[in-house]
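# Structural overview for review
Residue-level listing of the chains:
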Amino acid sequence: MKRLLPLLSLLFFANTALAHETCDEEKIPEINEKPTYIYGDLVINETVSNPQAGENEWVELVNRTNTVIDMEGWYIQEGSGAKTTFGGSIGPGEFSIITNLKGNLNNGGDTIQLFDSHNTLISMLEYGEEIPAAQKGFSIARVNEDFFLTTTITPGYENSITKEENNQDENKQQEEA
């Protein structure tokens, strides 16, 4: 028996070392890791930054992929750095309206950024210069890759671009000057 004891001890330690190497935590893949997305998979589609009295600011998102996107841990950040986190999921081609924004969207111009749960920038809208700031009662709406001011506000639906007559006349006068 005395001769077997060293042999058994050697086998025990060899098995323990082997088991430790195969169960190393660094080598086990994360099962519930969230997928990564690229810029433009989910886009800022429309926003109201200068709402009518009694209404709230909001940002509309649309899913441009062919898969459901889990938005848990995603957030919108506006120019002052205020972050509005949100969750839920959004199917292909579906819209999601984000309300109760932290901070305020500036009426004269601002930056709205959309980040995923990995802090990756997914979409951005800068308005106030190249894209004009919206007047009260207008929204800034996307059509393809361009943004337009519109009086037809369409949260949750495909955007429709219409303008008031006097706004078109003001734009013509500014172009002629």
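The structure we're discussing is the one just above.
Scope of this entry: the structure provided in the associated data block. By convention here, each chain's residues receive numbers from 1 onward along its written sequence. In view of the model being predicted, local features appear only for residues whose pLDDT reaches at least 70, and side-chain atom pairs are presented and counted only at 80 or more, with totals across whole chains, interfaces and linings using the full set of residues. To obtain the side-chain values, all non-hydrogen atoms of the structure were used and water was disregarded.

### Re the overall build of the protein chain
Put simply, DSSP marks the helices as runs of H or I at least four residues long and the strands as runs of E at least two long, and each gets a number from the N terminus on. Along the backbone of the protein chain there are two helices and 11 strands. Secondary structure elements in the protein chain, listed N-terminal to C-terminal, are α-β-β-β-β-β-β-β-β-β-β-β-α. Burial status follows relative accessibility: with a 1.4 Å probe on protein chains alone, a residue under 20% of its type maximum counts as buried, one over 50% as exposed, and anything between as partly exposed. Relative to its full complement of 177 residues, the protein chain shows a buried share of 34%. Expressed as a percentage of contacts within the protein chain between residues at least 6 apart in sequence, the contacts between residues at least 24 apart total 53%. Accessibility throughout is a Shrake-Rupley quantity obtained with a 1.4 Å probe, and a residue counts as covered only by protein chains that appear here. Counting every atom, the protein chain has about 11,500 Å² of accessible surface; 51% of that belongs to carbon and sulfur. Contacts are residue-level and defined by heavy atoms, with any inter-residue pair within 4.5 Å sufficient.

### Description of the sheet that holds strand S10 (residues 139-143)
Read across the open sheet, the five strands follow the order S7-S2-S1-S10-S11; overall the sheet is antiparallel. Taken across any chain shown, the strands that pair with only one partner, and hence form the sheet edges, are strand S7 (95-98) and strand S11 (146-150). Here the average twist between neighbouring strands, direction ignored, is 30°. When DSSP finds two or more bridges between two strands, those strands count as paired. In the sheet, strand S1 (residues 42-48) pairs with strand S2 (residues 58-63) via six bridges, with the strands oriented antiparallel. Along S2, the bridge assignment pairs Thr47 with Val59. Interaxial angles span 0 to 180 degrees and are taken between N-to-C directions of axes, which are lines fitted to C-alpha atoms, for helices over the stretch in contact.

### Description of the pairing of strand S9 (residues 121-127)
Successive residues of a regular strand alternate their side chains across the two faces of the sheet. One ladder, built from six bridges, connects strand S8 (residues 110-115) with S9; its direction is antiparallel. By the bridge assignment for S9, Leu114 is matched with Ser123.

### Details of a nonpolar patch on the surface
Only residues whose relative accessible area exceeds 30% and that take part in no salt bridge are eligible for patches, with like-charged residues grouped when within 9 Å of each other and nonpolar side chains (Val, Leu, Ile, Met, Phe, Trp, Tyr) grouped when within 5 Å. In what follows, salt bridge is the name for a side-chain nitrogen of Lys or Arg lying within 4 Å of a carboxyl oxygen of Asp or Glu. On the surface, a nonpolar cluster with roughly 200 Å² of combined accessible area is contributed by Val143, Phe148 and Ile161. Locating Ile161 in the fold gives a position in the loop between S11 and helix H2 (165-176). In this structure Ile161 comes out as partly exposed when scored by relative accessible area, which is 32%.

### Considerations on the side chain of Glu78
Position of Glu78 among the secondary structure elements: in strand S4 (residues 74-78). Neither His nor the chain ends is counted toward charge; the positive residues are Lys and Arg and the negative residues Asp and Glu. Of the side chains with opposite charge, Lys102 lies nearest to the buried Glu78, which makes no salt bridge, at 11 Å. Of note is the side chain of Glu78, whose polar atom sits 2.3 Å from the side chain of Ser80. Apart from the residues lying within four places of it in its own chain, the contact partners of Glu78 are Lys102, Gly103, Asn104, Leu105, Asp110 and Thr111. Two N or O atoms form a polar contact when they lie within 3.5 Å of each other; inside protein one atom must be a possible hydrogen donor and the other a possible acceptor, and for residues adjacent in sequence the pair counts only when both atoms belong to side chains.

### What about empty space enclosed by the protein?
Put plainly, a pocket is an open set of points on a 1 Å grid over the protein atoms alone with protein on both sides within 12 Å along at least five of seven lines, a cavity is a set where a 1.4 Å probe fits but cannot get out, and a lining residue has an atom within 4 Å of a point. Grid points are joined across faces, edges and corners, and a volume is the space filled by probe spheres set on the points. Taken as a whole and assessed by the stated rule, the structure comprises one cavity of 30 Å³ or more. The calculated volume of the largest cavity comes to roughly 30 Å³. Polar here means any residue outside two lists: the nonpolar Ala, Val, Leu, Ile, Met, Phe, Trp, Tyr, Cys and Pro, and the charged Asp, Glu, Lys and Arg; Gly therefore counts as polar. Looking at the lining of the largest cavity residue by residue, the class counts come to four nonpolar, one polar and two charged.

### Overview of the environment of Ser139
When you line up the elements, Ser139 lands in strand S10. Take Ser139: its relative accessible area is 0%, and that puts it in the buried class. Along the primary structure Ser139 and Thr151 are separated by 12 residues, whereas in three dimensions their C-alpha atoms are 6.6 Å apart. Residues contacting Ser139, with those up to four places away along its chain left out, are Glu46, Thr47, Val48, Phe148, Leu149, Thr150, Thr152 and Ile153.

### Overview of the sheet that holds S9
Pairing within the open sheet is antiparallel, and its four strands lie in the order S5-S4-S8-S9. Because the sheet does not close on itself, it has two edges, and the strands there are strand S5 (83-86) and S9. Along the sheet, successive strands turn relative to each other by an average axial angle of 15°, direction set aside.

### Some details on the packing of aromatic side chains
Pairing of aromatic rings covers Phe, Tyr and Trp, the last counted by its six-membered ring, and requires centre-to-centre distances within 6.5 Å; plane angles under 30 degrees mean stacked, over 60 mean edge-to-face, and any other angle means tilted. In this structure the tally under the stated criterion is two aromatic pairs. Look at Tyr75 and Phe115: their rings are 4.9 Å apart centre to centre, the planes differ by 15°, and that puts the pair in the stacked class. Separated by 40 residues along the polypeptide, Tyr75 in strand S4 and Phe115 in strand S8 bring together distant segments of the chain. Side by side, Tyr75 and Phe115 carry an identical accessibility label, which is buried.

Remember that the coordinates give geometry; whether it matters functionally is a separate question.
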